[in-house]
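The primary structure of each chain is shown beneath.
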Amino acid sequence: MNKQELLENISKTHNKVKFAVADIDGILRGKVIHIAKFESMLENGAGFCDVIFGWDAADKCYENSEVTGWHSGYPDAQAKIDLSTFRRIPWENQHPFFLADFDTEDSIGVCPRTLLKNVIQEANELGFDPVFSQEFEWFNFEKSSEEGKTVDLNNLKPISSGMFGYSMLRPTIKQKYFNQLFDDLAAFDIELEGLHTETGPGVYEAAIKYDDALAAADKAVLFKNSVKEIAYQNDIVVSFMAKWNSDLPGCSGHIHQSLWSTNERRNLFYSEDESMTSTMEAYLAGVLTCLPHLLPMYAPTVNSYKRLQKGTWAPTSSSWGKENRTTAVRVIDGSEKSARLELRIPGSDVNPYLAMAATLASGLYGIKNKMKLDTPETNGNAYTNASLTKLPSNLKDATAKMKESEIAIAILGEKFVDHFVKTREWEWNEFEQVVTNWEMNRYFEII
């Protein structure tokens with residue numbers, strides 16, 4: 001529908017509109033505005049304080065950012081609503097909702113959604129339509145009854161007990177919540193292909209239906225925020241941390257991807273004889289080559305690396321294999337509809353815009369440079385294969401690698417890489433200043 005039809009559609013039921021943008025950590029930051037303001041925004045854009053790219057996940061302002069800060073006065077950047085993202089929120093009285101980004105010439109220049117749009121445009125110019133989807137694992141906890149607290153971090157109680165993956169019983173414990181997730185997300189244009197329990201107390205896994213890359217990333221970002229909102233309504237608090245408990249499995253955010261020809265709409269990763277097409281090989285070679293240079297975009301937090309450990313269903317090397325879940329990339333020989341690559345590095349704490357931009361840009365890098373696979377296929381256990389290139393094991397080392405990388409700058413741009421690296425350096429420095437429970441338990445009395 002055109003702008004006028006859209007305004008008429010909304011004004012019949014609501015006098016206000018909600019919109020949001022994703023910050024560097026993939027957290028949605030938004031506003032509710034009057035429909036008259038919304039109409040003006042459609043024509044002229046709207047100012048949105050650029051501090052959302054100048055602070056961390058805890059709203060603490062970066063002291064090392066050049067993009068914005070006290071030195072610039074935190075001015076407004078021009079946010080632009082994407083009308084194609086229009087949907088209504090089923091659990092909020094069908095409230096009208098939109099996503100926005102910063103894609104104008106005078107915008108801040110580090111917007112994650114805009115970065116992905118730019119990489120997609122490059123793919124389109126090369127004759128490719130990227131098709132993506134993401135799956136998430138997350139833990140669900142009983143909401144704390146203590147007044148004023150959302151959750152008591154010292155007394156977390158999962159909504160179900162025991163290690164019971166693919167359980168037919170556990171979802172009945174919170175059946176209303178489980179069913180609401182599936183149905184309300186579909187009504188919010190986030191259709192799930194599957195929803196089930198994973199192994200671990202109170203953990204679910206959901207696979208979002210594939211779509212064109214930008215729509216897939218939009219759905220992934222909205223999925224995480226939507227699950228949190230629906231959980232609140234059911235007295236549940238969820239966590240998308242990569243590893244919340246050292247004794248339990250981590251939470252993944254695997255990304256599935258393929259390239260389709262723009263003209264023929266044909267899956268370029270599909271081969272009738274199940275051999276790897278030249279396009280898939282070059283794309284995969286690019287992903288593996290760039291992986292060590294871009295790891296913080298797939299593992300962006302200090303906690304991310306607690307998941308990337310040997311024998312945890314998460315990879316530790318730059319590796320690939322057909323139907324191999326110990327490698328960084330699993331090659332899936334499916335039908336023409338389903339042949340694809342699964343990037344298994346990202347955890348559920350990832351920013352989908354950045355992770356998808358990174359892997360797509362890496363794949364295109366491989367195609368443009370006609371790269372061949374110099375990493376042999378891994379058959380069997382990648383954890384015990386000493387010949388594979390091991391990935392950095394913490395955010396500090398991974399960020400240092402990205403900071404020095406000419407490849408990262410070449411495929412993502414100097415301005416973005418400089419800002420993103422500074423945000424990850426900030427994250428590590430914040431962590432280093434904190435006394436952890438591990439230190440207290442280990443040293444408090446005995447040392």
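Up top is the structure these notes are about.
Residues numbered from 1 in each chain as written. Predicted model: local features only at pLDDT ≥ 70, side-chain atom pairs only at ≥ 80, totals over all residues. Heavy atoms only, no water.

### Digging into empty space enclosed by the protein
Selection criterion: Buried and open spaces are told apart on a 1 Å grid over the protein atoms alone, a cavity being a set of points where a 1.4 Å probe fits but cannot get out and a pocket being an open set with protein on both sides within 12 Å along at least five of seven lines. Residues with an atom within 4 Å of a point are the lining residues. Grid points are joined across faces, edges and corners, and a volume is the space filled by probe spheres set on the points. For this classification, the nonpolar set comprises Ala, Val, Leu, Ile, Met, Phe, Trp, Tyr, Cys and Pro, the charged set comprises Asp, Glu, Lys and Arg, and every other residue, Gly included, is treated as polar.
By the definition in use, this model includes two cavities of 30 Å³ or more. Reported here for the largest cavity is a volume of approximately 40 Å³. Every residue along the wall of the largest cavity is listed here: S160, S161, G162, F164, R170, T197, E198, G200, P201, G202 and V203. Its residues assigned to classes, the lining of the largest cavity shows three nonpolar, six polar and two charged. Counted by class, the lining of the second largest cavity contains three nonpolar, three polar and two charged residues.

### Considering the packing of aromatic side chains
Given two aromatic rings, one states the distance between the centres and the angle between the planes to describe the pair. Stated formally: Stacked, edge-to-face and tilted are the three classes for Phe, Tyr and Trp ring pairs, Trp counted by its six-membered ring, which pair at centre distances within 6.5 Å; planes under 30 degrees apart are stacked, over 60 edge-to-face, the rest tilted. Numbering goes from the N terminus for both helices and strands, where a helix is a DSSP run of H or I of at least four residues and a strand is a run of E of at least two. In this scheme, a residue with accessible area under 20% of its type's maximum is buried, one over 50% is exposed, and one in between is partly exposed, where area comes from a 1.4 Å probe on protein chains only.
Under the defined criterion, the tally for this structure stands at 24 aromatic pairs. Geometrically, the ring pair formed by F86 and F98 is stacked, given 5.0 Å between the ring centres and 25 degrees between the ring planes. Here the residue F86 occupies a position in strand β4 (residues 76-89), and F98 occupies one in strand β5 (residues 95-101), the gap between them amounting to twelve residues. The exposure class assigned to F86 is partly exposed, which follows from its relative accessible area of 22%. The buried category is assigned to F98, whose relative accessible area is 0%. Taking the centre distance of 5.9 Å and the plane angle of 90 degrees together, the rings of W138 and Y204 count as edge-to-face. Of this pair, W138 sits in strand β6 (residues 128-142) while Y204 sits in strand β8 (residues 203-208), placing them 66 residues apart in sequence. In terms of burial, W138 and Y204 fall into one category: buried. An aromatic cluster is defined as three or more aromatic residues linked by ring pairs; in this entry it consists of F136, W138, Y177, F178, Y204, F223 and F240.

### With respect to the nonpolar core
Just so we agree on the cut-off: Side-chain atoms within 4.5 Å are what join buried Ala, Val, Leu, Ile, Met, Phe, Trp, Tyr and Cys residues into a set we call a nonpolar core.
W138, Y177, F223, L294, M297 and L412 are the most contacted members of the largest nonpolar core, which has 98 residues in total. At twelve residues, the largest contribution of residues to this core is made by helix α6 (residues 278-298). L7, V17, M41 and L42 belong to the second-largest nonpolar core, a separate cluster that totals 28 residues.

### Some points on helix α3 (residues 112-125)
Note the threshold: Helices are assigned an expected span. That span is 1.5 Å times one less than the residue count.
The end-to-end C-alpha distance of α3 is 20 Å, a good match for the 20 Å that 14 residues give at a rise of 1.5 Å each. Two residues or fewer past α3, G127 is found with a positive phi of approximately 95 degrees.

### Some details on unusual backbone geometry
The backbone phi angle of Y166 is positive, close to 55 degrees, even though this residue is not glycine. For Y166, the location among the structural elements is in the loop between β6 and α4 (175-187). Its relative accessible area of 60% is what places Y166 among the exposed residues. Residues other than glycine seldom take positive phi values, yet D189 does so here, at roughly 65 degrees. Relative to the elements of secondary structure, D189 occurs in the loop between α4 and β7 (192-197). On the accessibility criterion, D189 (41% relative accessible area) is partly exposed.

### Examining helix α5 (residues 213-233)
As a reminder, the rule being used: The bend reported for a residue corresponds to the angle between axes fitted to the seven residues ending at that residue and the seven starting there.
In this model α5 runs 30 Å from its N-terminal to its C-terminal C-alpha over 21 residues, within 8% of the 30 Å that 1.5 Å per residue would give. The largest bend along α5 reaches roughly 25 degrees and is located at F223. Within α5, 15 of the 21 residues are buried, which leaves it mostly tucked inside the rest of the structure. Directly beyond the C-terminal end of α5, a positive phi value near 55 degrees is found at D235.

### What to know about the environment of M241
We count it as follows: Any two residues having at least one pair of non-hydrogen atoms within 4.5 Å are treated as being in contact.
Topologically, M241 is positioned in the loop between β10 (236-239) and β11 (255-261). Distance in space between the C-alpha atoms of M241 and T301 is 9.1 Å, their sequence separation being 60 residues. Aside from chain neighbours lying at most four places away, what touches M241 is C251, N303 and S348.

### Some thoughts on the sheet that holds β5
Here is the rule: DSSP calls a pair of strands paired once it identifies at least 2 bridges connecting them. Helix axes are fitted only over the stretch in contact, all axes being lines through C-alpha atoms; the angle between N-to-C directions runs from 0 to 180 degrees.
In space, the five strands of this open sheet follow the order β2-β1-β5-β4-β3, with mixed pairing throughout. Across the chains shown, the open sheet's two edge strands, defined by having one partner strand only, are β2 (28-34) and β3 (46-49). For this sheet, the mean angle separating the axes of adjacent strands, direction not counted, is 45 degrees. Pairing of strand β1 (residues 16-22) with β2, which is carried by seven bridges, proceeds in the antiparallel orientation. Residue pairing for β2: A20 is matched across the bridge by G30. Each of β1, β2, β3, β4 and β5 is contacted by helix α2 (residues 35-44), which is oriented at about 115 degrees to β2, the strand it contacts most.

### Things to note about the layout of surface pockets
By volume, the largest pocket is sized at about 2,000 Å³. Around the largest pocket, the lining comprises 50 residues; the ones closest to its centre are S239, M241, A242, T301 and N303. Every element with two or more residues in the lining of the largest pocket is listed here: α5, β10, α6, α11 (414-432) and α12 (437-443). Here the lining of the largest pocket gets five residues from one element, more than from any other, and that element is α11. Taken together, the residues that form the lining of the largest pocket break down as 27 nonpolar, twelve polar and eleven charged. If you trace the second largest pocket, you find 41 residues lining it, with E135, E205, H254, H256 and E342 closest to the centre. If you list the elements that add at least two residues to the lining of the second largest pocket, you get β6, β7, β8, β11 and β15 (340-343).

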